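Descriptive structure summary
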Amino acid sequence: MAHSSGTLPAAASVPARSNSGPARSAYSAFFGRWAGTWLALPFPLGLLLLWGVSAHYGWVAPQVLPSPQAVLTTFIDLAQSGELWDNLWISLLRVLAGFGVGVVGGLLLGVAMGLSPLFKDYTYPFFKAFSQVPVLGWLPLLMLLVGIDEALKIILIAKAALVPIAVNTYKGIENVPSRYVEVARVLQFSRWQLLWRVVFPAALPPVWNGVRYGFTHAWLALVVVELLASSEGLGYMIVFGRQLFQLDVVIAAVAVVGVVGYLGDQLLARIAVVLLGWRRSGF
């Protein structure tokens, strides 16, 4: 008997299940978050390895380049004696004082130049000339005026921080998109509402970048000032170690300077994430 041939219904296509979906997502998120860190590790680790090998085989005299073990031992001794923490605390107080003065002065000057074209025309040329003189250029004059006490250090640190903060604040206000201002005028914002609800929030990203640059400049100025005119602080530790030819002390202090400066910049970067979180909502 003949059977009628019929077409069997096609089997429903079932998407292939990925056994590693969540795991892969977690791995990608973790690697993406720390990718920059992993990529940055080979170079310093390579330098550390080269340093250890050169010290082990005596390629460089230990009086010129101590071994990593000697530097680590010196660091531990300085930390246990409290000498390192005392000098670090003094340096932090100095940089915070000078940086605070620089932030206030830079914000005020930048806002004034950004909001008043007349004020900018009068002050910007002088400010540019003032900013071109490096910190060390002001050192001899200020030593005659204020001596070599704390006032000298705070003034120089404040000057180093003020310049990038003022420039970024001025540029941030000047570059606020005109459409933001037009919308505010359509909504009949008052001048203060325009500033506090439109101009300042829109200018905050470049302003905060200026604050970060200001901290970096302030930290560098601190070390330079302590190298030349100080009897305590991390910069003084570097000079003192060099004078006594204790290169292990010098390298340990330099490492602390680098780590603390990096941590300070990263702290400001984390604060920026909080302050600028509103931008993700599509302001």
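Residues numbered from 1 in each chain as written. Predicted model: local features only at pLDDT ≥ 70, side-chain atom pairs only at ≥ 80, totals over all residues. Heavy atoms only, no water.

The name given to the protein chain in an unreviewed UniProt entry is ABC transporter permease, with the source organism recorded as Herbaspirillum huttiense subsp. lycopersici. Recorded under Subcellular location (unreviewed entry), the UniProt text for the protein chain is reproduced unchanged: "Cell membrane". You can read under Sequence similarities (unreviewed entry) in the UniProt record for the protein chain the words "Belongs to the binding-protein-dependent transport system permease family." (UniProt positions renumbered as here; feature names shortened; annotations may be inferred.)

**A look at the overall build of the protein chain**
Assigned secondary structure in the protein chain consists of eleven helices and zero strands. Overall, the protein chain shows an N-to-C arrangement of helices and strands of α-α-α-α-α-α-α-α-α-α-α. Counted over contacts in the protein chain with a minimum sequence separation of 6, partners at least 24 positions apart contribute 70%. Roughly 18200 Å² of accessible area belongs to the protein chain as shown, and the carbon and sulfur atoms make up 68% of that amount. (Helix = DSSP H or I, 4+ residues; strand = E, 2+ residues; numbered from the N terminus. Contact = heavy atoms within 4.5 Å. Areas by Shrake-Rupley, 256 points an atom, 1.4 Å probe, with all protein chains shown as cover.)

**Remarks on the nonpolar core**
Leu84, Phe99, Leu156, Trp219, Leu234 and Met237 are the most contacted members of the largest nonpolar core, which totals 37 residues. Secondary-structure elements contributing two or more residues to this core are helix H3 (68-81), helix H4 (83-115), helix H6 (135-146), helix H7 (150-174), helix H9 (191-228), helix H10 (234-243) and helix H11 (247-275). Dropping the residues within four chain positions of it, leucine 156 is found in contact with Val135, Trp138, Leu139, Leu142, Ala221 and Val225. Counting residues in hydrophobic clusters, the runner-up holds eleven residues, among them Ile173, Ala184, Val198 and Ala203. (Core = buried A, V, L, I, M, F, W, Y, C linked by side-chain atoms within 4.5 Å. Buried < 20%, exposed > 50% of the residue type's maximum accessible area, 1.4 Å probe, protein only.)

**Notes on the packing of aromatic side chains**
Under the criterion given, the structure shown has eight aromatic pairs. On the basis of an interplanar angle of 15° and a centroid distance of 6.5 Å, the ring pair of phenylalanine 215 and tryptophan 219 is categorised as stacked. Of this pair, phenylalanine 215 and tryptophan 219 both sit in helix H9, four residues apart, which is roughly one turn of that helix. In this structure phenylalanine 215 comes out as buried when scored by relative accessible area, which is 10%. Classification of tryptophan 219 as buried rests on a relative accessible area of 5%. A connected cluster of aromatic rings, assembled from ring pairs, spans Phe99, Phe215 and Trp219. In this arrangement the basic side chain of lysine 159 is found over the ring face of phenylalanine 130, its NZ or CZ atom lying 5.5 Å from the centre. (Phe/Tyr/Trp six-rings, centres within 6.5 Å; stacked < 30°, edge-to-face > 60°. Lys NZ or Arg CZ within 6 Å of the ring centre and 35° of its normal.)

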